[in-house]
Each structure stands twice: as structure tokens, then as C-alpha cells.
Amino acid sequence: MRPPIVARVDRARIAGRWVADAVVELGEAGMRLVPGDEAPPRIRSRIHGTLLPPITDAHVHLGLADAALAAPTTLGRVLDLGWAPAALPALVEAATAAHRGLDVRFAGPFHAAIGGYPSDRAWAPPGAVAELAGASDAVRSVRAQARAGASVIKVSLNAEAGPVPDAAMLAAIVDEAHAHGLLLVAHAQGPGAAERALAAGVDVLAHAPWTERLSDELIGEAAASQTWISTLAMHERDGDPAALERATDNLARFAAAGGAVAYGTDLGNGLTRFDLDDSEVAALRRAGLDGTALVDALLAEHLLPPGPTVTSCTAAVHDDESLLAALLGPPRHRPRPLPHTTFDLEDA
Ligand SMILES: [Zn+2]
């Protein structure tokens, strides 16, 4: 592990705030603004341009995406939300070999009741679903994922496809995830699933709810405690305009009520290109997320702790609007991720 880099940078977005001509520390645990009274008397290194946390897709399945193709990408960080734990290390290695410094976080398997979603799906390889017989099974499995380095825990509450965890099992999953300091992410689908997830203490929904229109009251409560991962464009790919409309309406009201939104595509589900998805960004805008709210969703700082990758932009990027213009501009000018160990430092 290399020591952190301390350098003066033209501009940076740190903790949601833009700073200019700032001293930053870049290390394994992200980028930190070094206050004036803590800065070394002479900063020897200078980074030109603008730095910000990595652009994050908070819902991917590496095993179903083109993550191992060495094509340029704007993504600096991804969260894999469900795969066989035994297959993950090789997938992470292939993705990081193709994209130097890519920060890969993962959940491990879907936790489900025996026979529950997605154990019957052809895309889910053996081991992708931890089918649980009861609360003690749940505790054992969540503990194993925490030991394996999971960043979050995934639970399947799909009331439209097979059995779902009962109250005792769900409570055990919530409690054990939280005991390890991990957020619990639910796939909530079907009547009452989102309400059940909220009441049980689920922290994150893997998809903006799309199977039913949620009441303003329920959305207000969800907004106070949950993060929702968008995955709106998934419904366009599915050719399901009614689902898209319900998900957009629910997410718009959730965001308007102050709920935290994270950009996520369900990469691997009808979409394989390992990059920022313009359709998902456009769908977020239609849900009223733009400007700072959209940038916050793309960085997902509220969802995942910072890591060793930053996004590097040209000097033309100086605030959230110019950042969005660059992100949606011509590919060759798009911001790109850089691990902090690869900066070419020049004398300040
Ligand atoms: Zn998914």
C-alpha cells in the first residue's frame, strides 16, 4: 500500500463542495481536503485539472457485462448486486485488469427463501442465490459475506416470483448486516414489497419501485431513511412503458421528498457496455434529478465509503453544470477515472 499523495489541485469536488487551488490528500480511503493549518509548509506537487469522487454505477452484475473489455470508460466504481461469491474474485480481477484502478464493490449472493427469486433464473449461476431455511442460516451467510469483503448485503423480496423470507428471517438478515456495519439492499418487487422492506429496516432499494404506485406517505417515510438505486432505463430496454412511468413517478416523488438517489443501471440486464449509460442519465432527468442532485446520484457518496479512485477532468469542469456537460459530451473529452497511484505529479 502506497502512502497518500498530497498535492495542490486546480479544482476538486469534495463532500459535495467545489474548491479551487486546494491542497488534497489522495489515498486508499479517497480524497480529502487538507485544511490550511494542516498543509505542509511547501506543497511540492501539482495536479492540473479537476478531481472528484469516482462516477459510480451502483447496480451492476459483472458476470453479465463487458467489464473485462479494455474499452475506455467513465465509470470509476461499481457495485455488483448479486453473484456467486466463488466466481467474484476472478470477475473483479478481470475488470480491474481491463480498467486500471477500477474500484469494485460487491454484495455477494442474493439472500432468498428456499426456491425464491432469482434461484429459478437462467442467468443466475450456481451459488448466486443463498437459499435460506431460517434465521440461523441467514446469520451464517451474512457473516460469511462480511468476512469475504462484501460492501453491502443483498436480499430478495420478490413477491411475484416464489417464496420470500419470512419476518424472522428478514429481521435476522437486517440485524446481522447492520452488526457488520453493512447496508442491506433489497430487490423489492410486487404488492407491498417496498413497504415491507422499509418497515423491516432495509437501507437501500436496488431498483426504484416499479410494480405499484407508492403513496406519498410511504415515500415520505422512505425518503427519510433509504437510498434508492434508479435503474429506470431497464424498463425502456424491457419495452415496458407502464413500469417506466410508475418507477419514474415513484422516484421523482422520493427525490422531491429529500430521498437519496444513486445512479444504477442493472448492468448485465439487457445492457452490457461498461460505461455511463446516457439513457439512465436521461431517465433520471425526466424524474427531476438534474444539476447537483444528478451529480450526487452519479457519485453515490452517501451509499459507499470512499476508495482509492478519483475522476479526473479537464480544467473546463468547474461546477456541477460543467461537469454534466463534460459527462454527456464527446467521448474523448469525457472525465475518466484514475487511481491515485498513477498521477503524474509536477513541481508546484
Ligand atoms: Zn440486478
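For clarity, every value in this text was computed on a predicted model and none was experimentally measured. Within every chain, residues take consecutive numbers counted from 1 along the sequence as written. Only residues with pLDDT of at least 70 get local features here, since the model is predicted, and only at 80 or more are side-chain atom pairs given and counted; chain-wide, interface and lining totals rely on the full set of residues.

### A closer look at the overall build of the chain
1) Next: Every helix listed is a DSSP run of H or I at least four residues long, and every strand listed is a run of E at least two residues long, numbered separately from the N terminus. Each helix and strand counted, the chain has 10 helices and 17 strands in total.
2) Next: The atom set for the radius of gyration is the C-alpha atoms, and the globule formula is 2.2 Å times the number of residues raised to the power 0.38. A globule of 348 residues ought to have a C-alpha radius of gyration of about 20 Å, and the chain, at 20 Å, matches this closely.
3) Next: Dimensions of the chain along its principal axes, counting C-alpha atoms only, are 60 × 40 × 40 Å.
4) Next: The exposure label follows from counting other C-beta atoms within 10 Å of a residue's C-beta, where the C-beta atoms are placed from the backbone and the thresholds are 20 or more for buried and 12 or fewer for exposed, leaving partly exposed in between. Every one of the 348 residues in the chain was classed for burial, and the buried ones make up 49%.
5) Next: By the criterion used throughout, residues are in contact when their C-beta atoms, derived from the backbone, lie within 7 Å. The contacts of the chain with a sequence gap of at least 6 include a subset with a gap of at least 24, amounting to 69%.

### Quick word on the sheet that holds strand S13 (residues 227-229)
Remark on secondary structure: sheet strands pair via backbone hydrogen bonds, oriented parallel or antiparallel.
1) Next: An order of S9-S8-S10-S11-S12-S13-S14 is seen for the 7 strands of this open sheet, with the pairing classed as parallel. The open sheet has two free edges, formed respectively by strand S9 (129-132) and strand S14 (260-262), since each of these has just one partner strand.
2) Next: At least two DSSP bridges between two strands are needed for those strands to be called paired. As judged from the 7 bridges shared by strand S10 (residues 152-158) and strand S11 (residues 183-189), these two strands associate in the parallel manner. Within S11, the position partnered with Val152 by the bridge is Leu183.

### Description of helix H7 (residues 241-256)
An α-helical segment advances 3.6 residues per turn. Residues three or four places apart therefore align on the same side.
1) Next: Compared with the 22 Å implied by 1.5 Å per residue over 16 residues, the 22 Å span of H7 between its first and last C-alpha is a close match.
2) Next: Regarding H7, the residues found buried are Leu244, Ala247, Thr248, Asn250, Leu251, Arg253, Phe254 and Ala255.
3) Next: Structurally, H7 contributes buried residues whose contacts are with helix H5 (216-225), S13, helix H6 (233-237), S14, helix H8 (278-286) and helix H9 (291-299).
4) Next: With its phi angle positive at about 95 degrees, Gly258 sits one or two positions after the end of H7. Each residue after the first adds 1.5 Å to the expected span of a helix.

### Quick notes on the packing of H5 against H7
1) Next: Each axis is a line fitted through C-alpha atoms, taken for helices only over the stretch in contact, and angles between the N-to-C directions span 0 to 180 degrees. Remark: H5 packs on H7, axes separated minimally by 9 Å, with the N-to-C direction vectors making an angle of 55 degrees. Of the possible angle classes, the one that applies to H5 and H7 is oblique. Viewed along their axes, H5 and H7 form a crossing whose handedness is right-handed. Residues Asp216, Ile219, Ala222 and Ala223 of H5 lie in contact with H7, whose contacting residues are Asn250, Arg253 and Phe254. These descriptions rest on fixed angle ranges, namely under 35 degrees for roughly parallel, over 145 for roughly antiparallel, 65 to 115 for roughly perpendicular, and the rest for oblique. Helix crossings fall into two classes, left-handed where the near helix is turned counterclockwise from the far one by less than a right angle and right-handed where it is turned clockwise.

### Describing the pairing of strand S7 (residues 103-106)
1) Next: Of the two faces of S7, the one carrying Asp103 and Arg105 and the one carrying Val104 and Phe106 are both buried.
2) Next: Sheet topology note: the strand S6 (residues 75-80)/S7 ladder contains 4 bridges and is parallel. The residue of S7 that forms the bridge with Arg77 is Asp103.
3) Next: When the strands point away from the viewer and the connection leading from the first strand across the helix to the second strand turns clockwise, the crossover is called right-handed. Note that the unit made of S6, helix H1 (residues 88-98) and S7 has a crossover that is right-handed.

### Here's the deal with the environment of Ala194
1) Next: With respect to the helices, strands and loops of the structure, Ala194 is situated in helix H4 (residues 193-200).
2) Next: Beyond its immediate stretch of four places on either side in the chain, Ala194 contacts Ala188, Leu205, Pro209 and Leu214.

### Some remarks on the pairing of strand S1 (residues 5-14)
1) Next: Both S1 and strand S2 (residues 17-27) contribute to a ladder of 9 bridges, which runs antiparallel. Note that in S2 the partner of Ile5 across the bridge is Leu26.
2) Next: In this antiparallel pair of consecutive strands, S1 and S2, the connection spans 2 residues, and Ala15 shows a positive phi of 50 degrees.

### Remarks on helix H2 (residues 135-147)
1) Next: The terminal C-alpha atoms of H2 lie 18 Å apart, and with 13 residues this matches the ideal 18 Å at 1.5 Å per residue to within 8%.
2) Next: On its buried side, H2 packs onto strand S8 (110-113), S9, S10 and helix H3 (167-179).
3) Next: Backbone geometry just after H2 places Gly149 at a positive phi near 95 degrees.

### Re the sheet that holds strand S5 (residues 55-60)
1) Next: On the basis of which strands lie adjacent, the open sheet formed by 3 strands has the order S5-S6-S7 and parallel pairing. Each edge of the sheet is formed by a strand with only one pairing partner; in this case those strands are S5 and S7. On average, each strand axis in the sheet is tilted by 20 degrees relative to the strand beside it, whichever way the strands run.
2) Next: Here 4 bridges tie S5 to S6, and the two strands are oriented parallel to one another. When the sheet's bridge partners are listed, Thr56 is paired in S6 with Arg77.

### A word on the nonpolar core
If you look at soluble globular proteins, the nonpolar side chains tend to sit buried side by side.
1) Next: Core analysis: the biggest nonpolar cluster contains 105 residues, and Ile153, Ile173, Leu184, Ala186, Leu205 and Leu232 have the highest contact counts within it.
2) Next: A total of 6 residues in this core trace back to one element, the largest contributor, which is H3.
3) Next: Domain ranges listed in this record stem from an automatic or a database domain assignment. Residues lining this core come from more than one domain, with at least three contributed by each of domain 1 (5-53 + 306-347) and domain 2 (55-299).
4) Next: When near neighbours in sequence (up to four residues on either side) are disregarded, Leu232 contacts Ala208, Leu244, Ala247, Thr248, Leu251, Glu280, Ala283, Leu284 and Ala287. By definition, a nonpolar core groups buried Ala, Val, Leu, Ile, Met, Phe, Trp, Tyr and Cys residues that are joined through C-beta atoms within 7 Å.

### Focus on the packing of H9 against helix H10 (residues 320-327)
For any two helices packed against each other, the geometry is given by the interaxial angle and the distance between the axes.
1) Next: One can describe the packing of H9 onto H10 by two numbers: an axis separation of 9 Å at closest approach and a directional angle of 60 degrees. By the criterion of interaxial angle, the relationship of H9 to H10 is oblique. In this structure, H9 meets H10 at a crossing whose hand is left-handed. Counting all contacts with H9, which are made through Gly291, Thr292, Leu294 and Val295, the residues of H10 involved are Asp320, Glu321, Leu323 and Leu324.
2) Next: Residue classes in the contact of H9 with H10 are distributed as 4 nonpolar, 2 polar and 2 charged. Each residue gets one of three labels, nonpolar for Ala, Val, Leu, Ile, Met, Phe, Trp, Tyr, Cys and Pro, charged for Asp, Glu, Lys and Arg, and polar for the others, Gly among them.

### Considerations on the domain arrangement of the chain
1) Next: According to the domain assignment, the chain consists of domain 1 (5-53 + 306-347) and domain 2 (55-299).
2) Next: The gap between the C-alpha centroids of domain 1 and domain 2 is 29 Å.
3) Next: Between domain 1 and domain 2, the residue contacts involve 20 residues of the former and 19 residues of the latter.
4) Next: Only strand S15 (309-313), H10 and strand S16 (336-339) provide two or more residues apiece to the side of domain 1 that touches domain 2.
5) Next: In terms of residue count, the dominant contributor to the side of domain 1 that touches domain 2 is H10 (5 residues).

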